[in-house]
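Single-letter residue listing:
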Amino acid sequence: MQTQEGAGMPRVRAGNYDDKYRAILDSAAALFAKVGYPSAKLQDVAKLCGATKSMLYHYFPTKDDLLLALLIDHLERLLAEIDQALTESRAPDEQLQRFIDIFVTKSAQSRQRHVSAMNDAKFLPTEKRAQVLRLERKVRRTLGGLLRDVNPGLPDEVYAPYAMLLIGMLNWTDLWYRPAGKMKPRELCDRISRLYLGGFLAETSEGRSPEDEGRAPRGHKARAHKLSRT
């Protein structure tokens, strides 16, 4: 008599499931960054990571499922690294420096995933895109809280726009910056910190008057300059 071993039982994952899962995500990130999400095909991802189409479909039934997993994995790892950094005892401006460091000094795989996050999330169906937007909002709220600690007393409504301005600056570095070039990551992080904080720390609750244009308070200048030496 033929038996159906394990019928009705949950499928057991292979021992190398996580390694294959990670290889698929890395290959998909590289392909999406190179040709764009709309032009990429699942069979191309399978070929790139040395898998069969049937094995790829076992992990990700659709290309949207693959993109969603890629973006969620990237954002959750980014948030975990940020949260870990913020548990360390540092001054607020030094914690902001760490936030900038984390964004700029990503691995090659993370940079590819970040480009995909910027360019490709819009292609996801609404219900899937909502999961990505929820994590992106968490990143923005975390940064907004950091900015509030760095320069408290500003109107509540300005922290979110300032957070978006800085995230926009950091996001675009992935499209032009090459870590192997003349400007090394440490120098770039310092320059971004000084450029951004030099203006942000000069902001007051009343706003800046025309005659104050270009003149940050002396203490604020000193704090921004200090970042270049950390």
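Scroll up to find the structure.
Throughout what follows, the structure given in this document is the object of discussion. Small disclaimer: the values here were computed from a predicted structure and weren't measured. Positions within a chain are numbered from 1, following the residues in the order the chain's sequence is written. Local features are withheld for residues below a pLDDT of 70 in this predicted model, meaning they are given only at 70 or higher, and side-chain atom pairs are given and counted only at 80 or more; totals for whole chains, interfaces and linings count all residues. Hydrogen atoms and water are omitted, and side-chain values are computed over all heavy atoms in the structure.

1. Here's the deal with the packing of helix H8 (residues 159–176) against helix H9 (residues 185–200)
Here is step 1 of the chain: Where H8 contacts H9, the two axes come as close as 12 Å, and the packing angle between them is 155°. Judged by the angle between their axes, H8 and H9 are roughly antiparallel. Note that H8 runs across H9; the crossing there is right-handed. Of the residues in H9, those in contact with Tyr-159, Tyr-162, Ala-163, Leu-166, Met-169, Leu-170, Thr-173 and Trp-176 of H8 are Leu-188, Ile-192, Leu-195, Tyr-196 and Phe-200.
Here is step 2 of the chain: Residues are grouped as follows: Ala, Val, Leu, Ile, Met, Phe, Trp, Tyr, Cys and Pro are nonpolar; Asp, Glu, Lys and Arg are charged; every other residue, Gly included, is polar. Tallied by class, the residues present in the contact of H8 with H9 amount to twelve nonpolar, one polar and no charged. Only the stretch in contact is used when a helix axis is fitted, and all axes are lines through C-alpha atoms; the angle between N-to-C directions ranges over 0 to 180 degrees. Put simply, DSSP marks the helices as runs of H or I at least four residues long and the strands as runs of E at least two long, and each gets a number from the N terminus on. Every angle not falling under 35 degrees, over 145, or within 65 to 115 is termed oblique; those three ranges are roughly parallel, roughly antiparallel and roughly perpendicular. The hand of a helix crossing depends on one turn: near helix anticlockwise from the far one by less than a right angle means left-handed, and clockwise means right-handed. We call two residues in contact when some of their heavy atoms are within 4.5 Å.

2. With respect to the pattern of salt bridges
Here is step 1 of the chain: Put simply, a salt bridge is a Lys or Arg side-chain nitrogen that is within 4 Å of an Asp or Glu carboxyl oxygen. All chains considered together, the criterion is met by twelve salt bridges.
Here is step 2 of the chain: Here Arg-77 ties to Asp-73 by a salt bridge, and the two come within 3.3 Å at their closest N and O atoms. Taken together, the residues Arg-77 and Asp-73, both in helix H4 (residues 63–86) and four residues apart, mark about one turn of the helix.
Here is step 3 of the chain: By sharing partners, the salt bridges in this structure join Arg-22, Asp-26, Asp-73, Arg-77 and Arg-113 into a single network.

3. Some details on the packing of helix H5 (residues 92–104) against H9
Two measures define how a pair of helices packs: the angle their axes make with one another and the distance between the axes.
Here is step 1 of the chain: It is the contact of H5 with H9, at a shortest axis distance of 10 Å, that shows an interaxial angle of 130°. Comparing the axis directions of H5 and H9 gives the class oblique. For the element pair H5 and H9, the recorded crossing hand is right-handed. Contacts from Leu-96, Gln-97, Ile-100, Asp-101 and Val-104 of H5 reach H9 at Pro-185, Arg-186, Leu-188, Cys-189, Asp-190, Ile-192, Ser-193 and Leu-197.
Here is step 2 of the chain: Of the residues in the contact of H5 with H9, the class split is eight nonpolar, two polar and three charged.

4. A closer look at the side chain of His-114
Here is step 1 of the chain: When you line up the elements, His-114 lands in helix H6 (residues 108–120).
Here is step 2 of the chain: Under the rule applied, a polar contact is a pair of N or O atoms within 3.5 Å (in protein, one hydrogen donor and one hydrogen acceptor; residues adjacent in sequence only if both atoms are side-chain atoms). Polar contacts involving the side chain of His-114 include one to the side chain of Asn-171, which spans 2.5 Å.
Here is step 3 of the chain: Leaving out residues up to four positions away in the same chain, His-114 has contacts with His-74, Phe-103, Lys-106, Asn-171 and Asp-174.

5. Considerations on the nonpolar core
Here is step 1 of the chain: Among the nonpolar cores identified, the biggest contains 58 residues, and Leu-66, Leu-143, Leu-147 and Phe-200 are the most heavily contacted of them.
Here is step 2 of the chain: At the level of elements, helix H1 (17–35), helix H2 (42–48), helix H3 (53–59), H4, H5, helix H7 (126–150), H8 and H9 are the ones that each hand at least two residues to this core.
Here is step 3 of the chain: Considering every element that reaches this core, the biggest residue donor is H4, with twelve residues.
Here is step 4 of the chain: In this structure, Leu-66 is in contact with Ile-24, Leu-25, Ala-28, Phe-32, Leu-42, Val-45 and Phe-60, ignoring residues within four places of it in sequence. The criterion is simple. A nonpolar core is a set of buried Ala, Val, Leu, Ile, Met, Phe, Trp, Tyr and Cys residues joined through side-chain atoms within 4.5 Å. When accessible area is computed with a 1.4 Å probe and restricted to protein chains, residues below 20% of their type maximum are described as buried, those above 50% as exposed, and intermediate ones as partly exposed.

6. Observations regarding the packing of aromatic side chains
Aromatic ring pairs are reported here in terms of the distance separating the ring centres and the angle at which the planes meet.
Here is step 1 of the chain: Geometry of aromatic contacts follows a simple scheme: Phe, Tyr and Trp rings, the Trp one being its six-membered ring, pair when their centres are within 6.5 Å, and the pair is stacked under 30 degrees between planes, edge-to-face over 60, tilted otherwise. In this structure the tally under the stated criterion is nine aromatic pairs.
Here is step 2 of the chain: Taking the centre distance of 5.1 Å and the plane angle of 80° together, the rings of Phe-32 and Tyr-37 count as edge-to-face. The same class applies to Phe-32 as to Tyr-37, namely buried.
Here is step 3 of the chain: Taking the centre distance of 5.9 Å and the plane angle of 25° together, the rings of Tyr-37 and Phe-123 count as stacked. Of this pair, Tyr-37 sits in the loop between H1 and H2 while Phe-123 sits in the loop between H6 and H7, and the two are 86 residues apart along the sequence.
Here is step 4 of the chain: Judged by relative accessible area, Tyr-37 falls into the buried class, the value being 4%.

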